[in-house]
Amino acid sequence: MTNVNNRKDVAGLLTRMREKAPLIHNITNVVVTNFTANGLLAIGASPVMAYAKEEVGEMATVADALVLNIGTLTADNVESMIIAGKAANAANTPVILDPVGAGATSFRTESIQRILNDVKISLLRGNAAEVSNVAGMEAEIKGVDSVSSLEDHAVIAVHAAKKIGVPVCITGERDVVTDGQELYYVGNGHPIMTKVTGAGCLLSSCLAAFIAVEDDIVRASVAGLAAYGIAAEKVVKSNPAIGPGSFQAAFLDELNSISEEDINQYKKIEGPQGE
Amino acid sequence: MTNVNNRKDVAGLLTRMREKAPLIHNITNVVVTNFTANGLLAIGASPVMAYAKEEVGEMATVADALVLNIGTLTADNVESMIIAGKAANAANTPVILDPVGAGATSFRTESIQRILNDVKISLLRGNAAEVSNVAGMEAEIKGVDSVSSLEDHAVIAVHAAKKIGVPVCITGERDVVTDGQELYYVGNGHPIMTKVTGAGCLLSSCLAAFIAVEDDIVRASVAGLAAYGIAAEKVVKSNPAIGPGSFQAAFLDELNSISEEDINQYKKIEGPQGE
Amino acid sequence: MTNVNNRKDVAGLLTRMREKAPLIHNITNVVVTNFTANGLLAIGASPVMAYAKEEVGEMATVADALVLNIGTLTADNVESMIIAGKAANAANTPVILDPVGAGATSFRTESIQRILNDVKISLLRGNAAEVSNVAGMEAEIKGVDSVSSLEDHAVIAVHAAKKIGVPVCITGERDVVTDGQELYYVGNGHPIMTKVTGAGCLLSSCLAAFIAVEDDIVRASVAGLAAYGIAAEKVVKSNPAIGPGSFQAAFLDELNSISEEDINQYKKIEGPQGE
């Protein structure tokens, strides 16, 4: 049985994460490598990027979490992801999958399925369309007018979590996290994040940092979502007219300075909702 | 017959582009991927990067424009560029070619020729040396004392446009755009842009965003050059002593906030000059 | 015989470097490409990135220095590094090796040895653990309680320089540079640099820019370390509470504006220490 309060009492995880400074191995897309590394350093984790088939297994074994992000996938990278994922599984290292652009091309759709067949993941994090595609739900959601409403996101997340058998996080105006049983909403964040490339990718890597220090994947994800969203809110609060270029730098500053107190004061977490 | 005024009346294209938020598929170099994606988001377009042979055809087909940038070319990327380019041609998707470093190595020179043989491009955008190389004009410009004077840029652009059979944009202190018949000068911009890596690469992608909503390639290019250059000028106007690091962020802010009014007020467009 | 004073009188090298604006060919990792290019532009050098086996030899031949950085190594990149390195050697172009993560995986360890076997390098720049690994000193340093003390860094650097037969720079709280005979300490810099990914990688490329204009590798390295560290100090001096995101932009600004006077006023160079 899950302690409901425990899953919403997340501020302490930030300190625990920073004390460990977990090593996060990212196999990610070429657009966001720098922002991901700097964001992980800022929030208090230790990033490492390694892609070569010859070394990803070793690196994933010593890492505290592995992030697979298919944003600029190549055939070589798929192989590396599977090698790294299997090594992570063998070492009980959690694996976070970010299915960027799943459904955009058949190569992405098929590669995701190959990865899911060979690697046991700990969390799937994407937007509603990506998660629907990964869960093979296109047919099922055809009848739904829009996948943009919050109810739809919750439905998609729960279905996907049950179908794939792992916790799912769908980000959007309000984020949802579920293990297929309980569902939480996190309302932190700001629309300007849609103007920064890699905001979702870095989020996945930050969730990995929390998952590296907390076995309850849902709780770790709720913590990470709250911290990440509050950092964005704090930037806009101190500078409401900020543009997207300045936001990017200021957001890294806030990830670095955000505190437990900030999380306790500003977190917008609702749940759990059962079925 | 081209309406001359129409080609200089470009401010409205900014709004039209933002309303469409065209999907720009970039196969670009590893140095500038992040800046290109953030710059396209800032100005109002939708960036996507995809490189794998297995998916670039599909991606280029759904995109509103395709940008091929050879800045850190590999043999694999050349294949991907040709596959994507052919798919774009089949879908009537405009293709913008940025021949970064053409002439620096024989691999770049030859790869550009392979791409030009197989892919019909809509615009060639580079500096004077790159465009000269692409057009095979080294011999012809040998006698010219310098390729840095504006007259030379105009001559090179017109010759290249006629030889390759596509509109050409040469950027420098003053930019020139020509379809081989008419030639326009755009005087916006600021020298600090030479201190930001990828300023030219992002420009090519921004021109693609305008070309995605305007069939007159010359007019679209003039619009993009003016908007881009004015954004840079506005940054320096508000902070004359700004350094190149701060400029980069502030430039993204200005790309995001630049308006039709800014373009009407600050544009420095001259032309057309016939032959 | 080395003129001791000469090796510490380094401010003039900054001007000499900027006057030449040396072309620095980087084969580096995907995390830091943009920051490296912008940092080199800021300090006054000319960056070029080229990776393809088909062109790296030509590019290294025309470059004024070559930087090999194994941060996100692939098997293809190792080949390219060796081709480029041999071409650089043939052209008497200095080669700087940054063994990022050496020892973290056997692929990195072995690739470094392959590069060292085939390419004569001019400077090895890394942290203490990386340099120890490259020099095969794990066994020898087993008895040392910690490799974090300054004495240890000096010992490791001198041993590595003698074993590999090239000058070595180990960066840390205080940097050490040695050719195996004389050793210098450079105390400039600021801890916030550990919060910026690629701070070490960009440093290696900046050292390459100084080495491109000064045959005395130790003196060139001391100059580069001082300039780089002072730029960081100046940022923090003008804004003591600066976060890591804002620091990154401000640091590029300072690399651009740092002067000979700054170096003369703020340099913290000690040495030489003989054996």
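Residues numbered from 1 in each chain as written. Chains lettered and ligands numbered in written order. Predicted model: local features only at pLDDT ≥ 70, side-chain atom pairs only at ≥ 80, totals over all residues. Heavy atoms only, no water.

Under the annotation held in an unreviewed UniProt entry, chain A carries the name Hydroxyethylthiazole kinase and is attributed to Niallia taxi. One UniProt comment on chain A, placed under Catalytic activity (unreviewed entry), says "5-(2-hydroxyethyl)-4-methylthiazole + ATP = 4-methyl-5-(2-phosphooxyethyl)-thiazole + ADP + H(+)". (UniProt positions renumbered as here; feature names shortened; annotations may be inferred.)

Draft legend 1. Region of interest: the interface of chain A and chain B. Contact residues are listed per partner, giving 23 residues for chain A and 19 residues for chain B. When chain A packs against chain B, close to 1700 Å² is buried across both sides, 55% of that on carbon and sulfur atoms. Between chain A and chain B we count one salt bridge in total. Salt-bridge contacts for Glu55 of chain B lead to Arg108 of chain A; the nearest nitrogen and oxygen are separated by 2.8 Å. Run the count over chain A and chain B and you get 12 residue pairs in polar contact (both at pLDDT 80 or more). Sorting the residues of the side of chain A that touches chain B by element identifies helix H6 (106–118) and helix H12 (244–257) of chain A as the ones contributing at least two each. Top contributing element to the side of chain A that touches chain B by residue count: H12 of chain A, with four residues. Considered class by class, the residues forming the side of chain A that touches chain B number 10 nonpolar, 11 polar and two charged. (Contact = heavy atoms within 4.5 Å. Buried area = accessible area lost by both parts, 1.4 Å probe. Salt bridge = Lys/Arg side-chain N within 4 Å of Asp/Glu carboxyl O. Polar contact = N/O pair within 3.5 Å; in protein donor to acceptor, adjacent residues only side chain to side chain. Helix = DSSP H or I, 4+ residues; strand = E, 2+ residues; numbered from the N terminus. Nonpolar A, V, L, I, M, F, W, Y, C, P; charged D, E, K, R; others polar.)

Draft legend 2. Quick peek at the sheet that holds strand E4 (residues 95–98) of chain C. Residue and element names in this part refer to chain C. Spatial strand order, E2-E1-E3-E4-E5-E6-E7-E8-E9: nine strands in an open sheet with mixed pairing. In the strand order of this sheet, the two ends are held by strand E2 (46–49) and strand E9 (269–273), each with one partner. In this sheet, adjacent strand axes meet at a mean angle of 20° when their direction is disregarded. With four bridges connecting them, strand E1 (residues 23–27) and strand E3 (residues 65–69) associate as parallel partners. Across the sheet, residue Ile27 finds its bridge partner in E3, namely Leu68. Of the strands in this sheet, strand E5 (123–126), strand E6 (168–170), strand E7 (175–178), strand E8 (183–186) and E9 are in contact with helix H11 (residues 217–238), which crosses E7 at around 165°. (Pairing = 2+ DSSP bridges. Axes fitted to C-alpha atoms, helices over the stretch in contact; angles between N-to-C directions.)

Draft legend 3. Region of interest: the packing of H12 of chain A against helix H12 (residues 244–257) of chain C. Two elements in contact, H12 of chain A and H12 of chain C, have axes separated by 5 Å at closest approach and are oriented at 135°. Of the possible angle classes, the one that applies to H12 of chain A and H12 of chain C is oblique. Residues Ala249, Leu252, Asp253 and Asn256 of chain A of H12 of chain A touch H12 of chain C, and the partners they reach there are Pro244, Gly245 and Ser246 of chain C. Each residue belonging to the contact of H12 of chain A with H12 of chain C can be placed in one class, and the counts come to three nonpolar, three polar and one charged. (Parallel < 35°, antiparallel > 145°, perpendicular 65-115°, else oblique.)

Draft legend 4. View of the UniProt feature "binding site: substrate" (unreviewed entry) in chain A. The UniProt record marks Met49 and Gly198 of chain A with the feature "binding site: substrate" (unreviewed entry), using the residue numbering of this structure. Take Met49 of chain A: it is sitting in strand E2 (residues 46–49). Those residues in contact with Met49 of chain A that lie beyond four places of it in its chain are Asn26, Thr28, Thr33, Thr36 and Ala37 of chain A together with Val31, Gly71, Thr72 and Arg108 of chain C. By the element assignment, Gly198 of chain A lies in the loop between strand E8 (183–186) and helix H10 (199–211). Judged by relative accessible area, Gly198 of chain A falls into the buried class, the value being 10%. (Buried < 20%, exposed > 50% of the residue type's maximum accessible area, 1.4 Å probe, protein only.)

Draft legend 5. Inspection of the pairing of strand E8 (residues 183–186) of chain B at higher detail. Residue and element names in this part refer to chain B. Burial along E8 is two-sided: Leu183 and Tyr185 and Tyr184 and Val186, pointing in opposite directions, are all buried. Direction of pairing for strand E7 (residues 175–178) relative to E8: antiparallel, over a ladder of four bridges. In the strand pairing of E8, Val177 is matched with Tyr184. The turn joining E7 and E8, which pair antiparallel and follow one another in sequence, is formed by four residues; a positive phi near 95° is taken by Gly180. The pairing of E8 with strand E9 (residues 269–273) spans three bridges and is classified as antiparallel. Bridge pairing links Val186 to Ile269 in E9.

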